[in-house]
Amino acid sequence: MTQIVAPPHPFDAAVELSPELGAPGVSLGHTSPAYANMVGPFGGITAATLLRAVLQHPERLGDPLSLTVNFAGPIADGAFEVAARPTRTNRSTQHWSIELAQDGVVTTTATAVFGVRRDTWASTEIEAPTAPPVGDVAVQGFPEFIAWARNYEMRFVAGEIPDPEAGAQPDSTTTMWVRDNPPRPLDFPALTSLCDVFYPRAFLRLGRYLPAGTVSLTVYFHADATLLAAQADDAVLATARAQRFGKGYFDQSGEIWGRDGALLATTHQLVYFKD
């Protein structure tokens, strides 16, 4: 009997890395047309790929605690290599340096902290935003020409893609239910990518599109592997807003909430824009 092997989920295909023979810590990857952005690949898929490089490294200790990605230059369509190395390993934490390069030119740098979590006192001071049940919110996507967004099911509670006729808005907050499309069990790379799923806050404030792109992205992981497994392929509640726009840059802070009001991750960005 011939066994039919299902193709990998588009997300898994996009973040797939294979080791480069004779170069410990170096992996080879390729950009995915399914996750293309207006210029280069979607930043979330790049960040997820860099995290994947550490997750599959044989010297990795524990699970991710934080990841900071600096998008130093454009990534062209095609092959790339990712070099990940532990810079210091302590008893419970491990620090990593990661680079993505094409043709010997570094386009993206990152640092990550991994660690072994232990049971301690815990408290979450912030609260999840108020939102209707996911099934009560209609699916609404990005414009069709943004390829990567087709890989996510988005249900906007507030701050949907701006209507140019509505003009500028007084607030930059977007809140939405979102999950992979087709559905996929949540893991650390997928959670990383979700932290970049928001369109630029300047679009919402100004009520129009303009050139913008992430310069630096940081993710703080509050969930462990057990909590992510419990989330399965359910939608998460994602919310983000900016604090300050000016002189060509703005910041963005976001939260990813899971089942039963569990805070899965918080994220921060620095974004450039041209007006």
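Counting restarts for each chain: residues are numbered from 1 in the order of the written sequence. Totals for whole chains, interfaces and linings use all residues, but because this is a predicted model, local features are given only for residues with pLDDT of at least 70 and pairs of side-chain atoms are given and counted only at 80 or more. Note: side-chain values were computed over all heavy atoms of the structure, leaving out hydrogens and water.

As recorded in an unreviewed UniProt entry, the chain goes by Thioesterase family protein and comes from Rhodococcus parequi.

Brief notes about the UniProt feature "domain: Acyl-CoA thioesterase-like C-terminal" (unreviewed entry) in the chain
UniProt positions are given in the numbering used here, feature names are shortened, and annotations may be inferred rather than shown by experiment. The residues that UniProt annotates with the feature "domain: Acyl-CoA thioesterase-like C-terminal" (unreviewed entry) are residues 142-272. Across residues 142-272, the secondary structure splits into 15% helix and 39% strand, with the terminal C-alpha atoms separated by 20 Å. We count a stretch as a helix when DSSP gives it H or I for four or more residues in a row; a strand needs E for two or more, and each element gets its number in order from the N terminus.

Brief notes about the UniProt feature "domain: Acyl-CoA thioesterase-like N-terminal HotDog" (unreviewed entry) in the chain
According to UniProt, the positions carrying the feature "domain: Acyl-CoA thioesterase-like N-terminal HotDog" (unreviewed entry) are residues 34-115. Segment residues 34-115 splits into 16% helix and 50% strand. End C-alpha atoms: 32 Å apart.

Some thoughts on the nonpolar core
Residues Ile98, Trp148, Tyr152 and Met154 are the most contacted members of the largest nonpolar core, which totals 66 residues. No other element matches helix α2 (residues 43-55), which puts 8 residues into this core. Whether two residues are in contact is decided by their heavy atoms: any pair within 4.5 Å suffices. Ignoring any residue separated from it by four or fewer positions in sequence, one finds tyrosine 152 in contact with Phe11, Tyr35, Phe42, Val178, Arg179, Asp180, Asn181, Ser193, Leu194 and Val197. Core analysis: the second largest hydrophobic core is formed by 6 residues, Val137, Trp177, Leu237 and Leu263 among them. The nonpolar core is taken to be a set of buried Ala, Val, Leu, Ile, Met, Phe, Trp, Tyr and Cys residues, with the residues joined through side-chain atoms within 4.5 Å. Relative accessibility under 20% of the residue-type maximum defines a buried residue, over 50% an exposed one, and the middle range a partly exposed one, all with a 1.4 Å probe and only protein chains included.

What to know about the packing of aromatic side chains
In this description, a pair of aromatic rings is defined by centroid distance and the angle of the planes. To pair, rings of Phe, Tyr and Trp, with the six-membered ring standing in for Trp, must have centres within 6.5 Å; the planes then decide the type, stacked if under 30 degrees apart, edge-to-face if over 60, and tilted in the middle. As enumerated under the stated definition, the model contains 12 aromatic pairs in all. On the basis of an interplanar angle of 80° and a centroid distance of 5.3 Å, the ring pair of phenylalanine 142 and tryptophan 148 is categorised as edge-to-face. With relative accessibility at 11%, the residue phenylalanine 142 sits in the buried group. On the basis of relative accessibility, which here comes to 4%, the residue tryptophan 148 falls in the buried class. With a centroid separation of 6.0 Å and an interplanar angle of 45°, the aromatic rings of phenylalanine 250 and phenylalanine 273 are classed as tilted. Taken together, the residues span a long stretch of sequence, with phenylalanine 250 in strand β12 (residues 249-257) and phenylalanine 273 in strand β13 (residues 263-273) at a distance of 23 residues. Both residues of the pair, phenylalanine 250 and phenylalanine 273, count as buried. The structure contains a cluster of three or more aromatic residues connected by ring pairs, namely Phe42, Phe142, Trp148, Tyr152, Phe156, Tyr199, Phe203 and Tyr209.

Topic: the side chain of aspartate 180
Position of aspartate 180 relative to the elements: it lies in strand β8 (residues 174-180). This buried residue, aspartate 180, is left without a salt bridge; arginine 184 holds the nearest opposite charge, at 4.9 Å. Here aspartate 180 is in contact with His9, Phe11, Asn151, Tyr152 and Ala190, once residues within four sequence places are set aside. Only four residue types enter the tally: Lys and Arg on the positive side, Asp and Glu on the negative side, with His and both chain ends excluded. Salt bridge criterion: a side-chain nitrogen from Lys or Arg within 4 Å of a carboxyl oxygen from Asp or Glu.

Topic: the environment of threonine 130
Assignment of secondary structure puts threonine 130 in the loop between β6 (105-115) and β7 (152-158). Classification of threonine 130 by relative accessible area gives exposed; the value is 76%. Measuring from C-alpha to C-alpha, the distance between threonine 130 and isoleucine 256 comes to 13 Å, with 126 residues separating the pair along the chain.

Regarding the pattern of salt bridges
Scanning all chains against the criterion turns up 10 salt bridges. The salt bridge partner of aspartate 63 is arginine 60, with a shortest N-O separation of 3.6 Å. On the basis of relative accessibility, which here comes to 22%, the residue aspartate 63 falls in the partly exposed class. By relative accessible area, arginine 60 is classed as partly exposed at 32%. Glutamate 153 is the salt-bridge partner of arginine 155, the closest N and O atoms lying 3.1 Å from each other. The exposure class assigned to glutamate 153 is buried, which follows from its relative accessible area of 17%. Each of Asp12, Arg52, Arg184 and Asp187 takes part in salt bridges that share partners, so that together they form one network.

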